[in-house]
Protein chains: 2
Amino acid sequence: VSSSTPIDTPAAVVDLDRLEHNLGRWQAEADRLGLANRPHIKTHRCAEIARRQLELGAVGVTCQKLGEAEAMADAGCEDVLVAYNVLGESKLERLAALLGRARVTVTVDDEALLEGLAGAAGSAGRELGVLVDCDTGLGRTGVSTPAAAATLAFAVAGRDGLGFRGFFTHPSPPGARAFLAEAGAACARRGLAVEVVSAGGTPTMWDCEALLPTVTEYRAGTYAFHDRATVAKGAATADELALTVHATVVSRPAADRALLDAGSKVLGSEVAGDGTFGLVLEAPSSPVVKLDEEHAYVTVAPGDELELGRPVRVVPNHACLVPNLFDELVVLRGEHVVERWRVDARGRSA
Amino acid sequence: VSSSTPIDTPAAVVDLDRLEHNLGRWQAEADRLGLANRPHIKTHRCAEIARRQLELGAVGVTCQKLGEAEAMADAGCEDVLVAYNVLGESKLERLAALLGRARVTVTVDDEALLEGLAGAAGSAGRELGVLVDCDTGLGRTGVSTPAAAATLAFAVAGRDGLGFRGFFTHPSPPGARAFLAEAGAACARRGLAVEVVSAGGTPTMWDCEALLPTVTEYRAGTYAFHDRATVAKGAATADELALTVHATVVSRPAADRALLDAGSKVLGSEVAGDGTFGLVLEAPSSPVVKLDEEHAYVTVAPGDELELGRPVRVVPNHACLVPNLFDELVVLRGEHVVERWRVDARGRSA
């Protein structure tokens, strides 16, 4: 299906060489460190990319939402971590159904969640794995002290149907190891085995040797594509950027202003530290200063050529928002479209 | 299909009474002023809502992108304005196909666009309507002076296959009328009829009597649902908010912090003037201070009750981003789910 036909814009385009490089490089690093690699599929929501990650050696996938996990199980993933508090009747029924067809682990940060989870495991007739979510600095979910983590671990272990697996944190700042080690020690002292200590986050992935030997598993998502944020944080170089939004210059109303046909409905609307909304590879000195729903406003620097009709590629600030805004990813090998991959878990935020 | 079963969250939920009120109130105002109402469907991207708008008296629909227009034509809309510069081989082929099954008008801000558009009209064997896009203050697309607008109008009128219809602007600040009137007068002086002068924007919709008699047509989109932004701008009251994201409190890790299962993948990530990301109707004093992809961070005010598992409704900052993130809208009459409407043009940004 190789074709050099121009791509209708806007489109989410994957550079296959770079994707393969990114997936392989990180798997090799995880192997070198003896870390289980459990990639987060929220970034791509695409079964074909998950399949490649598993084929390279990932132990399973990480999902944020049950809907993502269902889509991954539909695609044949047999080991799924749902890194989320799962609660409520409808979600627990769905969790039981999922557990009927995959090995499932969830995270928890509250003892009040356990009854529902145990009920789901009971319905499925299969043990549900549980990791205790630890807040090691982000201030989002998670228990806030190692002692609380250990207490919740014992509460999990005491429930029929639930299997305490270990601890979980996101992201993984330097202080994370001490917290996780202390929680683990508190379990060990009272005879509770900790199999898994799961850390994650692309920005810190190349520094995670410092989390050894406490951490046993690592979850990265953005590393498949990278984006302006992970390059800014030093986790990737510009030539590792594997996802761009192909766009077209659709208006040149002034010498210093170009409009692209890629707005917040394809790039997301997260602003970068410098106040801009994406990087135009063909005109890197010309910032994207604003997004409307269907327009990117580019302030054209002298010397940059962005003539009406010109095709351009925009690097998103945050790659994880982009595939979810498309039905498919257009896959390039060099200049040629070689595949189109469905975004299987698109819209699966429930 | 009436049901009071809890809605699985997150979900995009429409209050049907309020939607009907909003659609009817604006149609009545347009009728009172003698303005053609051409609602912008980018907000809802939903054929069922477009059908209701047309049934109430809209003269046709406005779309931002060709993909939206194709979806509306699929749903039976016979008169479509594509408020965008359409260019490039693929888009022009699609435009010709669309013109074969609907009355189509496009906007232009550059003479260089006309050859392609005339070619598409020629392929279709049907006249393509054209409005000249005027920049009356936004600084996005559009010609920047009335004289340039008139020059482009004559260029359009001189092309076989293209039918000059008139002028277009967005949004519609007070200064817009003078610009549009001057452009129209320049055409009239040289014998070119201006049928349509199209203004738009929900924030200014209740002030558009001031645009008479120059303006003949008005395009509003957000008015169907309203949102935090249009309420803040005085275009709606809180009891006209017709779209909320239903969510659940999924974590209560601290007394002053609640996490909802609605993040930037369902609310969009546009920040309001006060730095917040949505309004929780059940806890209006508790601001949504941050969004991750699947979490809203709520700072819980003393007295607000946001216990683990509680269902809540979040008013989005910008409604136009929300339906596009869902496959369907859940429609409530009072407390009961009475319909589910497909978001037909979801993802149709190309």
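Now for a look at the structure at hand. Everything numeric here is computed off the predicted structure, so don't read it as measured data.

**Notes on the sheet that holds strand 5 (residues 103-108) of chain A**
Residue and element names in this part refer to chain A. Read from one edge to the other, the open sheet built from 8 strands follows the order 2-9-8-7-6-5-4-3, with strand pairing classed as parallel. Two strands bound the open sheet, and with one partner strand each, they are strand 2 (36-37) and strand 3 (61-63). Along the sheet, helix 3 (residues 66-74) contacts strand 3 and strand 4 (79-82); its crossing angle with strand 3, the most-contacted strand, is approximately 145°.

**Remarks on the interface of chain A and chain B**
Across the boundary between the two partners, chain A contributes 55 residues, which contact 55 residues of chain B. Around 4300 Å² of area is buried between chain A and chain B when both sides are counted, 47% of it from carbon and sulfur atoms. Taken together, chain A and chain B are joined by 16 salt bridges. Its salt-bridge partner being Asp8(B), residue Arg94(A) comes within 2.6 Å of it at the nearest N-O pair. Inspection of the region where chain A meets chain B yields 39 residue pairs in polar contact (both at pLDDT 80 or more). Top contributing element to the side of chain A that touches chain B by residue count: strand 10 (residues 243-254) of chain A, with 4 residues. Considering only residue class, the side of chain A that touches chain B consists of 18 nonpolar, 16 polar and 21 charged.

**Examining the relation of the copies chain A and chain B**
For the pair chain A and chain B, the relating rotation is 180°, the translation along its axis is 0.0 Å, and the fit reaches an RMSD of 0.0 Å. Both copies are brought into coincidence by an operation consistent with a two-fold rotation axis. Relative to the rotation axis, the closest C-alpha in chain A is found at Ser269(A), a distance of 2.9 Å. Looking at the interface residues of chain A, 100% of them are also at the interface in chain B, so both copies use one shared face.

**As for the sheet that holds strand 8 (residues 196-200) of chain B**
Residue and element names in this part refer to chain B. Pairing is parallel across the open sheet formed by 8 strands, whose spatial order is 2-9-8-7-6-5-4-3. At either end of the open sheet lies a strand with only one pairing partner, and these are strand 2 (36-37) and strand 3 (61-63). Along the sheet face, helix 3 (residues 66-74) touches strand 3 and strand 4 (79-82) and points at about 145° away from the line of strand 3.

**Let's talk about the packing of aromatic side chains**
Under the criterion given, the structure shown has 8 aromatic pairs over all chains. Judged by centre distance (5.5 Å) and plane angle (70°), the rings of Phe164(A) and Phe167(A) are edge-to-face. Comparing Phe164(A) with Phe167(A) shows no difference in burial state: the two are buried. A network of ring pairs unites the aromatic residues Trp26(A), Trp206(A), Tyr218(A) and Tyr223(A) as a single cluster. Residue placement shows Arg25(B) over the ring face of Trp206(B); its charged tip is 4.0 Å from the ring centre.

**A few points about the side chain of Arg94(B)**
Note that Arg94(B) resides in helix 4 (residues 89-99). Classification of Arg94(B) as buried rests on a relative accessible area of 19%.

**Side note on the pattern of salt bridges**
Pairing between side chains becomes possible if they bear opposite charge and their charged atoms approach one another. Scanning the entire structure with this criterion turns up 64 salt bridges over all chains. Two residues, Lys65(A) and Glu294(B), come together in a salt bridge whose shortest N-O distance is 3.0 Å. On the criterion of chain membership, the pair formed by Lys65(A) in the loop between strand 3 and helix 3 and Glu294(B) in the loop between strand 13 (288-291) and strand 14 (296-299) is interchain, its members lying in two chains. Given a relative accessible area of 3%, Glu294(B) falls into the buried group.

**Quick notes on the pairing of strand 16 (residues 328-333) of chain A**
Residues and elements named next belong to chain A. Pairing geometry for strand 1 (residues 11-15) and strand 16, over 3 bridges, is parallel. Along strand 16, the bridge assignment pairs Val 13 with Val 330. Strand direction decides the pairing type here: strand 16 and strand 17 (residues 336-342), joined by 6 bridges, are antiparallel. Paired with Arg 333 across the bridge in strand 17 is His 336. Hairpin connection from strand 16 to strand 17: 2 residues lie between these consecutive antiparallel strands, with Gly 334 at a positive phi of about 65°.

**Some details on unusual backbone geometry**
Residues and elements named next belong to chain A. For the bond running from His 170 to Pro 171, omega is -15°, close enough to zero to count as cis. Structurally, Pro 171 is set in the loop between strand 7 (162-169) and helix 7 (176-189). Cis peptide bonds are those with omega within 30 degrees of zero, and the linkage from Leu 212 to Pro 213 qualifies with 0°. Tracing the sequence through the fold places Pro 213 in the loop between strand 8 (196-200) and strand 9 (217-219). Non-glycine residue His 226 carries a positive phi angle of around 55°. Judged by its relative accessible area of 3%, His 226 is buried.

Analysis parameters
- Residues numbered from 1 in each chain as written.
- Chains lettered and ligands numbered in written order.
- Predicted model: local features only at pLDDT ≥ 70, side-chain atom pairs only at ≥ 80, totals over all residues.
- Heavy atoms only, no water.
- Pairing = 2+ DSSP bridges.
- Helix = DSSP H or I, 4+ residues; strand = E, 2+ residues; numbered from the N terminus.
- Contact = heavy atoms within 4.5 Å.
- Axes fitted to C-alpha atoms, helices over the stretch in contact; angles between N-to-C directions.
- Buried area = accessible area lost by both parts, 1.4 Å probe.
- Salt bridge = Lys/Arg side-chain N within 4 Å of Asp/Glu carboxyl O.
- Polar contact = N/O pair within 3.5 Å; in protein donor to acceptor, adjacent residues only side chain to side chain.
- Nonpolar A, V, L, I, M, F, W, Y, C, P; charged D, E, K, R; others polar.
- Least-squares fit on C-alpha atoms with pLDDT ≥ 70 in both.
- Phe/Tyr/Trp six-rings, centres within 6.5 Å; stacked < 30°, edge-to-face > 60°.
- Buried < 20%, exposed > 50% of the residue type's maximum accessible area, 1.4 Å probe, protein only.
- Lys NZ or Arg CZ within 6 Å of the ring centre and 35° of its normal.

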